[in-house]
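Structural description and commentary
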Amino acid sequence: MHCPVKLSNANLGRLPEGVLVPDYDRSRLTAGIVHIGLGNFHRGHQAWYLHRLMQTGEALDWAIVGAGVRPYDEAQRRKLAAQDYLTTLIELDPSGISVEVVGSMVDYIPVEEGNGPLIERMADPAIRIVSTTVTEGGYYIDPASKGFDAAHPDIRHDAVNPNAPRTAFGAIVAALARRRATGAGPFTLQSCDNLQGNGAIMRRTVVSLARLTDPDLADWINADCSFPDSMVDCIVPATGPGELALVRERGIDDAVPVSHENFRQWVIEDRFCAGRPLWERVGATITDRVRDHEAMKIRILNGGHQVIAVPGEILSIATIAGCMAHPLIGPLFRKVAIDEIAPHVLSVPGMTPGAYVDLIDRRFSNSRIADTTRRVAFDGSSRHTGFILPVIRDALATGEPIEGLALTEALWARMCEGSREDGSVIEPNDPMWDTLTVAAEVARERPPAWLEQRGLYGDLADSRRFSEAFSRWLALIWSEGAEAAIGSFLGG
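We now turn to the structure provided with this report. It should be emphasised that the depicted structure is a prediction, and the values quoted were computed from it without experimental measurement. (Residues numbered from 1 in each chain as written. Predicted model: local features only at pLDDT ≥ 70, side-chain atom pairs only at ≥ 80, totals over all residues. Heavy atoms only, no water.)

**Some remarks on unusual backbone geometry**
Selection criterion: Secondary structure is summarised from DSSP: a helix means a run of H or I of at least four residues, a strand means a run of E of at least two, and numbering begins at the N terminus for each.
Of note in this structure, Lys 146 is not a glycine but carries a positive phi near 65 degrees. Considering the arrangement of structural elements, one finds Lys 146 in the loop between strand 7 (129-132) and helix 5 (153-160). One non-glycine residue with positive phi stands out, namely Asp 379, at about 55 degrees. Here Asp 379 lies in the loop between helix 14 (373-377) and helix 15 (380-398).

**Considerations on the nonpolar core**
We count it as follows: Here the nonpolar core consists of buried residues drawn from Ala, Val, Leu, Ile, Met, Phe, Trp, Tyr and Cys, with membership extended through side-chain atoms lying within 4.5 Å. Exposure is judged per residue with a 1.4 Å probe applied to protein chains only, and the accessible area is read against the type maximum: over 50% gives exposed, under 20% gives buried, and values in between give partly exposed. Residue contacts follow a heavy-atom distance rule, with two residues in contact if any of their heavy atoms lie within 4.5 Å.
Of all hydrophobic cores here, the largest spans 85 residues; its most connected members are Ile 308, Phe 364, Leu 407, Trp 412, Met 415, Trp 450 and Tyr 457. Take this core: its biggest share by element is nine residues, from helix 10 (residues 290-314). Apart from the residues within four sequence positions on either side, Trp 412 is in contact with Val 310, Gly 380, Ser 381, His 384, Leu 436, Trp 450, Leu 456 and Tyr 457. Among the nonpolar cores identified, the runner-up in size contains 39 residues, and Ala 171, Val 173, Trp 220 and Phe 227 belong to it.

**Brief notes about the environment of Glu 340**
Rules: Within 3.5 Å is the distance limit for a polar contact, defined as a pair of N or O atoms, with the added protein rule that one can donate a hydrogen and the other accept it, and that residues adjacent in sequence qualify only through two side-chain atoms.
You can see Glu 340 is positioned in helix 12 (residues 329-341). It is 7.7 Å that separates the C-alpha atoms of Glu 340 and Ala 395, two residues lying 55 residues apart in sequence. Other than its neighbours up to four places away in sequence, Glu 340 contacts Lys 335, Val 391, Pro 401, Ile 402, Glu 403, Gly 404, Leu 405 and Phe 489. At a separation of 2.7 Å, a polar atom in the side chain of Glu 340 contacts the main-chain amide nitrogen of Gly 404.

**Quick notes on the packing of aromatic side chains**
Convention followed: In this analysis, rings of Phe, Tyr and Trp, with Trp reduced to its six-membered ring, are considered paired at centre separations within 6.5 Å, and the interplanar angle assigns stacked below 30 degrees, edge-to-face beyond 60, and tilted for intermediate values. Put simply, a charge is over a ring when the Lys NZ or the Arg CZ is close to the ring centre, within 6 Å, and near the line of the ring normal, within 35 degrees.
Following the criterion strictly, the structure yields 11 aromatic pairs and no others. The interplanar angle of 85 degrees and the centroid separation of 6.2 Å between the aromatic rings of Tyr 140 and Phe 169 together place this pair among those described as edge-to-face. Residue Tyr 140 is located in the loop between strand 7 and helix 5, and its partner Phe 169 is located in helix 6 (residues 168-182); the two are separated by 29 residues in the primary sequence. Judged on exposure class, the residue Tyr 140 and its partner Phe 169 are both buried. Sitting over the face of the ring of Trp 48, Arg 264 holds its NZ or CZ atom 3.8 Å from the ring centroid. A cation over an aromatic ring shows up here: Arg 444 above the ring of Trp 478, its NZ or CZ 3.9 Å from the ring centre.

**Focus on the state of the cysteines**
Our working rule: Whenever a pair of cysteine sulfur atoms sits within 2.5 Å, that pair is classed as a disulfide.
This structure, assessed with the given rule, holds zero disulfides. Summary of cysteine pairing: Cys 192 is not part of a disulfide, and the nearest cysteine sulfur, belonging to Cys 234, is at 13 Å. Free cysteine Cys 273: the closest other cysteine sulfur is in Cys 225, separated by 5.6 Å. By relative accessible area, which is 34% here, Cys 273 ends up partly exposed.

**Some words on the pattern of salt bridges**
We apply this condition: The salt bridge criterion pairs a side-chain nitrogen of Lys or Arg with a carboxyl oxygen of Asp or Glu, the two atoms within 4 Å.
Counted by the stated rule, this structure contains 30 salt bridges. A salt bridge links Arg 281 to Glu 58, with the shortest nitrogen-to-oxygen separation between them at 2.4 Å. Of this pair, Arg 281 sits in the loop between strand 12 (265-268) and strand 13 (285-286) while Glu 58 sits in the loop between helix 2 (46-54) and strand 3 (63-67), placing them 223 residues apart in sequence. Using a relative accessible area of 54% as the deciding quantity, one classes Arg 281 as exposed. Since its relative accessible area comes to 29%, Glu 58 is described here as partly exposed. Its salt-bridge partner being Arg 363, residue Glu 261 comes within 2.4 Å of it at the nearest N-O pair. Linking Glu 261 in strand 11 (residues 258-261) with Arg 363 in helix 13 (residues 353-364), this pair joins segments that are 102 residues apart in sequence. Like Arg 363, Glu 261 is buried. One network of salt bridges, with partners in common, ties together Arg 70, Asp 154 and Arg 166.

Take a look at the structure:
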């Protein structure tokens, strides 16, 4: 086997035959977007859409500048800088593998305490969109009120130090203050995280933080900046030794390749105060019904992920595809999704909830995607509250079934005890892990104690129907095991 070719601008012409590479002259690209939170998902999704648009000769003035605000982002910046900010995408289709090099990113801002370089770049009038993927739990949402968490230590720091902020949102506010002062004008803030109404949540976070230091600036941001809702979808596993080996087998030396499934979706509200690329020309959906699309995706896909990942973790199943192949967990997903989630999802043009369940079943079952159960089960305190509990509330209000959803919550309570059924330890996997494990231990003997975590469940603990179903399932899980409980549900 020949030595893999180091990924770089100079070596694009030397890459193996069959590898798709940029047709455009990357030296002609100019930046128009700063993206904060430049992980695998962004590079396999939003950056790909822009790259494909650039392949048509469009949007050459909309190139992406990557950014981060945490020290670990600097290591990623250096790896990408060493290969001219190029990324190899490996599409894992059940029928085969294809490889493409994406070139829509042209820079990555140095990560420094106080975020001075990030503020300066976002203040540049050439930047017209600032987008983010900072995870569902990254928007400083108070778990109890679901409003802005002004008491969070990071937010309090930024309120006192507006010119040397700690958070991405503090840096955004500081940049917008400069743009207002210089006349550079507003930019669009585009959340690409899995939150229903993510544009409204982004608006609330940024405007609320600005209001802590400068109410006039907050009013200007609220009136002049735009915050479009969007829905993003593509399964993009973390990069590990397997992915690094896979890209080398394809003849490319890439320190940070990205693997992904053979499916992408991006649904966007057309609300951009300073213009935007014409993403719809390469498959994005521009619509005023973003929230219907995102409700379908968040409830069936993201909620479905929790339905299968939690028992998978308890039963030591390493991947999501492995969970779907399990004789009980795969059927659990279908039954809960069809009977208990789909009734609370609206159809969208071209897709019914039932057809979407079938699509997600196929995607979750793609054995080429080594999406780890642990990754999907991460941050359950945000994901269950965002993806599962709203469906339970709707079902309680309409008298629809909740048994499978109650079982899902009971399985999560069992998982948070911190051990698998084979006796192995589940390492901390949630920002609230210490609190969750204490509650899980108490709930082992007194199941309702888990629901008494008001910051998570609110008044759901007061629902006799939900509390009784949850308690019954958790008691069965602890006495007879997860498989026995799932089997009982499927046979009921």
